[in-house]
Every structure is written in structure tokens, then in C-alpha cells.
Amino acid sequence: MRFRHPDGTTVHLAYCTNVHPAETLDGVLAQLRDHCEPVRRRLGRDRLGIGLWLAKDAAHALDTDPAALRGLRAALDRRGLEVVTLNGFPYEGFGGEQVKYRVYRPDWADPERLEHTTALARVLTGLLPDDLTEGSVSTLPLGWRTTWTDARADAAHAALLTLAERLDALADLTGRSVRVGLEPEPGCIVETTGDALAPLTAVGHPRIGVCVDTCHLATSFEDPHTALDALAAARVPVVKSQLSAALHAEHPRLPAVREALAAFDEPRFLHQTRTVGDTGRLHGTDDLGQALTGDALPDTSPWRAHFHVPLHAAPAAPLTSTLPVLKDALTRLVGGPHPLTRHLEVETYTWQALPPALRPRGRAQLADGIAAELALARDLLTDLGLKELP
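Presented here is a report on the structure given in the accompanying data block. (Residues numbered from 1 in each chain as written. Predicted model: local features only at pLDDT ≥ 70, side-chain atom pairs only at ≥ 80, totals over all residues. Heavy atoms only, no water.)

1. Quick look at the overall build of the protein
And then number 1: Scanning the protein from N- to C-terminus turns up 12 helices and 15 strands.
And then number 2: Here the protein, with 390 residues, has 60% of them falling under the buried criterion.
And then number 3: Excluding contacts between residues fewer than 6 apart, the proportion of contacts in the protein whose partners are at least 24 apart in sequence is 80%.
And then number 4: Summing over all exposed atoms, the protein offers an accessible surface of approximately 14,900 Å²; the carbon and sulfur share of this is 52%.
And then number 5: Once the 40 positive and 50 negative side-chain charges of the protein are each reduced to a mean point, those two points are 5 Å apart. (Helix = DSSP H or I, 4+ residues; strand = E, 2+ residues; numbered from the N terminus. Buried < 20%, exposed > 50% of the residue type's maximum accessible area, 1.4 Å probe, protein only. Contact = heavy atoms within 4.5 Å. Areas by Shrake-Rupley, 256 points an atom, 1.4 Å probe, with all protein chains shown as cover. Lys, Arg positive; Asp, Glu negative; His and termini not counted. Charge placed at Lys NZ, Arg CZ, Asp CG, Glu CD.)

Here is the structure:
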């Protein structure tokens, strides 16, 4: 979906296909048929943006076989779909029964991460619509904190410098610019937007920036305006933003709240949980179950958990979502005289990880839910003065 900002800039809205598990190119093509095109039809649009997640096998197939890449591009056109952004965070196995910490491997100290991201950038230049010359890729925020060393930090820095050189060369070769954004996430080396400033200013390249995920932003209790102002002051570009909402518990000490939270403690994904203590210090656990066990986390202040809840359907009381944080961030991102980013992506990959009563039953209900999320995002954008384009 495309929108015209009052300054004339085109802003793109997509939804991320990591909600649909697929490891191969055949699986991706099936996604377009079974999920993406039905969502487009529900929205009554001739064209729908999707943020493709390409696992390593699918990315490799597209990068090494020009015919396969042309075939995917033709399938997108045929089904009324377009791609301006890729989700390059998960490497493989994101649809597995237990993802947890595996999603952070390989990290940016591992050569495989550089090669995979480079392949994604090359693929994206072949998928961009004919009238566009700029794409984006979101990626891992360096690595998980407990495995990090000075040597790995040096290797990651060198890899990002190499990536920047490759992106420059790719732009010279194709006439299309791809930017890559580190996506801050709780528990990682780059947990917050503030953590991104040092490594990204050290790289100092306009094609390497930040992907602001508003669920992660909220989970870490970051103020959107303060965070985005700091990025702007440091000249760190917001390559893209993922529009998402975290799980919020206002009174975690209450037994009823604990019981409600426990329904979201599931075995597939990691749900980092955070709270701000009496001194203003951020406290956290790696997973929601750890927070609910004993006194691992102070419970006198609100808790937020990294669980991407549907934008249009906040959990029932006594829980809620951080949709207000998303709205504040979006106001700063695209509500000013000029947009800070042109690529927006709804990313609720946890539909099938919701408590059983809230999960969609089959493809039709999932398509309904994704379409409802996109409709809400569309309304937020038009409320900010953007005009929806055909």
C-alpha cells in the first residue's frame, strides 16, 4: 500500500510474511497464493505491499538463479503484490516448533550473516517495482548479549563495513539503492535505539541504519520521541519501521494479572520481559516464564513482554497492548513536515502463538486478522495527513 506524505514523498506500508512459515522458494510462492493475495482482496486493493521473509535456502535459490528471481517477480505482479523491503532477521527455522534463542544465529560476527544479507540485497534489487529505486532490509542487532566478546564485536564491525562497500557497489551496478537496518531487540547487544548509536556512527555509512520495531521500543520502555530525536541528531537513518505492539500488564503483582500473562507464556518464541524499577533502572528477564517465576522481576511497576499482539485486538483485561507507543512513534516517524522513513511494515508473527482461544482457525481467519491490522495502520496514516494512493 502506498501513501503520499504532504511533502510529496511516497510512504510504503506492507505486512511481513514471517507469519507464514516457509523455508524454500516453492514455499514462498505458495504464501503469495494462499495468504498474501487473499489479504489484498480483503482490503479491496489492486496492489498490496508485502515485506518478504526469505530463509537462507530461498534467498540462495533466488540469488543464484536469475530465472527463479524473474519467476518470483512475475508471481508478485500477477497477484497484485509488491516488495520494497525484506525481513533479514531470522536466518532459518522461524516456523519451527521452538525458535527461542536460535533466531539470533548466525550473528554479525559470523561470515554467514554477511553473505546472507548481501544475497538479500541483491535479490531485492530484482524484486523492486519498476518505478522505484530504493529498498530496505532489516537485520539482527549484531548478536545476543551473552555470546558477545570484544573479538566478536570487532568482527561484526568489519562485516558491516564490508556490507556498506557491497551496497555501494550494488547501487553502482543496478541503479538501485538498498539500505540495511539493525533492529534493536531486548536481550541483544543492540537492545535499544540508544545502543545502536555507537556501532552505527562508527560505521558511518548512509546505507547502514536502524529498523525501529515499535514492540521492541515499547518493551524497553523507550520514549519514541526521545529515541527518534537521538537517532536524527546522530545522523543515523531510520531505514524502516516495523509497526507492532507489545503485551502490557499494568499491575503484575495481582494474581489475576499473573494468570492472564501465563496464558501468553508459550514454547515457540522468546518473550523478553521488562519493567522499570523504583530508581528508574530497567530490569528484565529473557522470557515471560522466568518473570512469572518467583521474584525474578520487580512487580511494583508495569511489565511489558516482547509478544507481538495483533494491532487491532488488544488482549482482554486485565492486560492490554502498547498500541499507544506505536501511535506516538508513527506520529514522529511520518507525522512531521518530512517522513523519517519511507518503509513501514506490520509485523505480527505470533498469531499462531497466541493463547488457543485467540488463534485464527485456518487461513481465512488469519487473512481476516492481517487485513484488519493493515486497515488500522492505514487509518493511522491517513489521520496523520497522508493520502492513500491507488
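2. A short note on the side chain of D34
And then number 1: Inspection of the secondary structure puts D34 in helix 1 (residues 25-43).
And then number 2: One polar contact links D34 to R363, side chain to side chain, over a distance of 3.5 Å. (Polar contact = N/O pair within 3.5 Å; in protein donor to acceptor, adjacent residues only side chain to side chain.)

3. Here's the deal with the packing of aromatic side chains
And then number 1: For the coordinates displayed, the defined rule picks out eight aromatic pairs.
And then number 2: Seen in terms of ring centroids, F269 and Y349 are 4.9 Å apart; in terms of plane orientation they differ by 75°. Their pairing is edge-to-face. Of this pair, F269 sits in the loop between helix 9 (255-262) and strand 10 (273-276) while Y349 sits in the loop between strand 14 (343-346) and helix 12 (363-383), placing them 80 residues apart in sequence.
And then number 3: Chaining the aromatic ring pairs together yields one cluster made of W53, F94, F269 and Y349. (Phe/Tyr/Trp six-rings, centres within 6.5 Å; stacked < 30°, edge-to-face > 60°.)

4. Quick word on the sheet that holds strand 12 (residues 303-309)
And then number 1: Here five strands make up an open sheet; going across it, the order is 11-10-12-9-13 and the pairing antiparallel. In this open sheet, the two edge strands, each paired with only one partner strand, are strand 11 (282-285) and strand 13 (319-321). Adjacent strand axes in the sheet meet at a mean angle of 30°, parallel and antiparallel pairs treated alike. (Pairing = 2+ DSSP bridges. Axes fitted to C-alpha atoms, helices over the stretch in contact; angles between N-to-C directions.)

5. Looking at the pairing of strand 5 (residues 134-139)
And then number 1: Of all six residues in strand 5, five are buried; the element is thus mostly enclosed.
And then number 2: Inspection of the sheet shows strand 4 (residues 81-87) paired to strand 5 by three bridges, in the parallel sense. Residue pairing in the sheet places T85 in a bridge with S136 of strand 5.
And then number 3: Traced from strand 4 through helix 4 (residues 111-127) to strand 5, the parallel crossover comes out right-handed. (Right-handed = clockwise from strand over helix to strand, strands pointing away.)

6. Digging into the pattern of salt bridges
And then number 1: Under the criterion given, the structure shown has 27 salt bridges.
And then number 2: Among the ionic pairs, D168 bridges to R207, the shortest N-O distance being 2.3 Å. Within this pair, whereas D168 is found in helix 5 (residues 150-174), its partner R207 is found in the loop between helix 6 (193-203) and strand 7 (208-213), the two being separated by 39 residues in sequence.
And then number 3: Classification of D168 by relative accessible area gives partly exposed; the value is 27%.
And then number 4: What makes R207 buried here is its relative accessible area of 18%. (Salt bridge = Lys/Arg side-chain N within 4 Å of Asp/Glu carboxyl O.)

7. With respect to the nonpolar core
And then number 1: The biggest cluster of nonpolar side chains holds 118 residues, and the ones touching the most others in it are L13, Y15, L54, W108 and L374.
And then number 2: In terms of residue count, the dominant contributor to this core is helix 12 (10 residues).
And then number 3: What L13 contacts, discounting residues up to four positions off in sequence, is M1, F3, G49, L243, L344, V346, L374, A377, R378 and L381. (Core = buried A, V, L, I, M, F, W, Y, C linked by side-chain atoms within 4.5 Å.)

8. Thoughts on the pairing of strand 7
And then number 1: Strand 7 sits mainly inside the fold: six of its six residues count as buried.
And then number 2: The pairing of strand 6 (residues 177-182) with strand 7 spans three bridges and is classified as parallel. Following the sheet pairing, L182 is matched in strand 7 by V210.
And then number 3: As defined by bridge partners, strand 7 adjoins strand 8 (residues 238-243) across four bridges and the pair is classed as parallel. By the bridge assignment, C211 is partnered in strand 8 with K240.

9. What about the state of the cysteines?
And then number 1: Counted according to the given criterion, the structure contains zero disulfides.
And then number 2: In this model C36 remains outside any disulfide bridge; the closest cysteine sulfur is found in C16, 9.9 Å from its own. (Disulfide = S-S within 2.5 Å.)

10. With respect to helix 2 (residues 56-64)
And then number 1: Of the residues making up helix 2, those classed as buried are A58, A59 and L62. Down the axis of helix 2, the buried set is contained in an arc of 100°. They therefore lie on one face.
And then number 2: Looking at the buried positions of helix 2, the neighbouring elements they touch are helix 1, helix 3 (66-78) and helix 4. (Arc of directions from axis to C-beta.)

11. Quick word on unusual backbone geometry
And then number 1: Of the consecutive residues R105 and P106, the connecting peptide bond is found in the cis state with omega at -10°.
And then number 2: With respect to the secondary-structure elements, P106 resides in the loop between strand 4 and helix 4.
And then number 3: The omega torsion across A317 and P318 is 15°, close enough to zero to call that bond cis.
And then number 4: For R235, which is not glycine, the phi torsion reads 60° and is therefore positive.
And then number 5: Within the fold, R235 resides in the loop between helix 8 (224-233) and strand 8.
And then number 6: With relative accessibility at 76%, the residue R235 sits in the exposed group.

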